[in-house]
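Read off the chains here:
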Amino acid sequence: MNEKLAAWLSDGPLLLDGGTGSLLRFAGLAPNESPDLWNLTFPEKVLHAAKSFRSAGSDILLTNSFGANRLMLARFGAAERVADVNRRAAEIARAAAGKSALVFGTIGPTGVNLSNGDVSRRELYGVFAEQAQSLAAAGVDGLVIETMTDIAELCEAIRGARTTPLPVVACMTFGTGKRKDRTGAGITPEEVAEAVSAAGADIIGANCGAGTEGFLSLCRRFRAVCALPVWMKPSAGIPRTAGDKLIYDLTPETFTAAAAELLDAGASFVGGCCGVTPVFIGRLRSLLDRRRAC
């Protein structure tokens, strides 16, 4: 483990934030809108979401930049605004974090299919490097690549992120198989661990999915085959709609119980993804504080 990571984790596991995209949906973001462009059009709403997670106790806030790469922004006519969107995302998260929390820049999938020849791996690497460098220039403390389903795309994202000096988190999304511990393509945690370690990630993890099911197995298997710290950020389940509202059925109590098991299994970073609100994060904060006091 590098010195910076060791220092961050010296007092024990760190608490991540929850589902920023979900909070923005609750704040009025339409399904066909870009959450990332809200950094420019509704920065006060993005700031409110980040502050709510910080107030709940998050040690690390993620930037609102999940889809702020050139290929995703092109869908909204904003391909040339990569630097602006990522810079503003970092500024907003930093304003919410203050001096007592870290800020990690979020990098998500590009929405293209490598196997179909939509882009080359070289082009994909360039797209990720551009976003990573924009976030690094804006002063984030680390980079987190998340919600990846294609191992080749994940590895290109790691390579792109490695063009900066920042620590890099590499997360896949799992949820298939009997134990919900395989990717959509059937890739195992062991195969992911081998690939991301070779690509140069500093932290390995999983995020999103259909809830907490399968995450305990993922954490244990990562720990068994990999020396990297483990990052766990499950969702609050699969949402259902009621009118124009999204409803997640997993309760804060159930989620916190699952997080306690992840901590027992050796997770170094815990938090939540879609549907995980500041209420959930507050419960996790209490859990971590009780453990540190023992």
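Above this text you will find the structure in question.
Residues numbered from 1 in each chain as written. Predicted model: local features only at pLDDT ≥ 70, side-chain atom pairs only at ≥ 80, totals over all residues. Heavy atoms only, no water.

**Concerning the nonpolar core**
To be explicit about the condition: Here, nonpolar core means buried Ala, Val, Leu, Ile, Met, Phe, Trp, Tyr and Cys residues that are tied together by side-chain atoms lying within 4.5 Å of each other. Relative accessible area decides the class of each residue, using a 1.4 Å probe on protein chains only: under 20% of the type maximum gives buried, over 50% gives exposed, and in between gives partly exposed. Put simply, DSSP H or I for four residues or longer makes a helix, DSSP E for two residues or longer makes a strand, and each gets a number counted from the N terminus. Between two residues, a contact is recorded if the distance between any of their heavy atoms is within 4.5 Å.
Membership of the largest hydrophobic core comes to 74 residues, with the highest contact counts inside it found for Ile 145, Ile 204, Phe 222 and Met 232. The leading source of residues in this core is helix α8 (residues 151-161), at six residues. Setting aside residues no more than four positions away along its own chain, Met 232 makes contact with Leu 16, Gly 205, Ala 206, Phe 215, Cys 219, Phe 222, Leu 262, Ala 267, Phe 269, Val 270 and Gly 271. Counting residues in hydrophobic clusters, the runner-up holds 15 residues, among them Leu 9, Leu 14, Val 169 and Cys 171.

**A short note on the pairing of strand β7 (residues 230-234)**
In plain terms, the rule: For two strands to pair, DSSP has to find at least two bridges joining them. Here, the term right-handed applies to a crossover whose path from the first strand over the helix to the second runs clockwise when the strands point away from the viewer.
Counting buried positions along β7 yields five of five residues, so the element is predominantly enclosed. Here β7 shows a buried face lined by Val 230, Met 232 and Pro 234 and a second buried face lined by Trp 231 and Lys 233. As defined by bridge partners, strand β6 (residues 203-208) adjoins β7 across five bridges and the pair is classed as parallel. Across the sheet, residue Ala 206 finds its bridge partner in β7, namely Met 232. A crossover connection joins β6 to the parallel β7 through helix α10 (residues 215-225); in handedness this β-α-β unit is right-handed. Bridge count for β7 against strand β10 (residues 269-270) is two bridges, and the pairing is parallel. Within β10, the residue paired with Trp 231 across the bridge is Phe 269.

**Thoughts on the sheet that holds strand β4 (residues 142-148)**
Adjacent strands of a sheet form backbone hydrogen bonds with each other and so pair up, either parallel or antiparallel. Keep this limit in mind: Inter-axis angles, ranging from 0 to 180 degrees, are taken between N-to-C directions of lines fitted to C-alpha atoms, where helices are fitted over the stretch in contact.
If you trace the eight strands from one edge of the open sheet to the other, you get β1-β10-β7-β6-β5-β4-β3-β2, paired in parallel fashion. The open sheet has two free edges, formed respectively by β1 (14-15) and β2 (60-62), since each of these has just one partner strand. Sheet topology places strand β5 (residues 168-172) next to β6; four bridges connect them, and they run parallel. Within β6, the residue paired with Cys 171 across the bridge is Gly 205. Packed onto the sheet, helix α7 (residues 121-137) meets β3 (102-107) and β4 and runs at close to 160° relative to β3.

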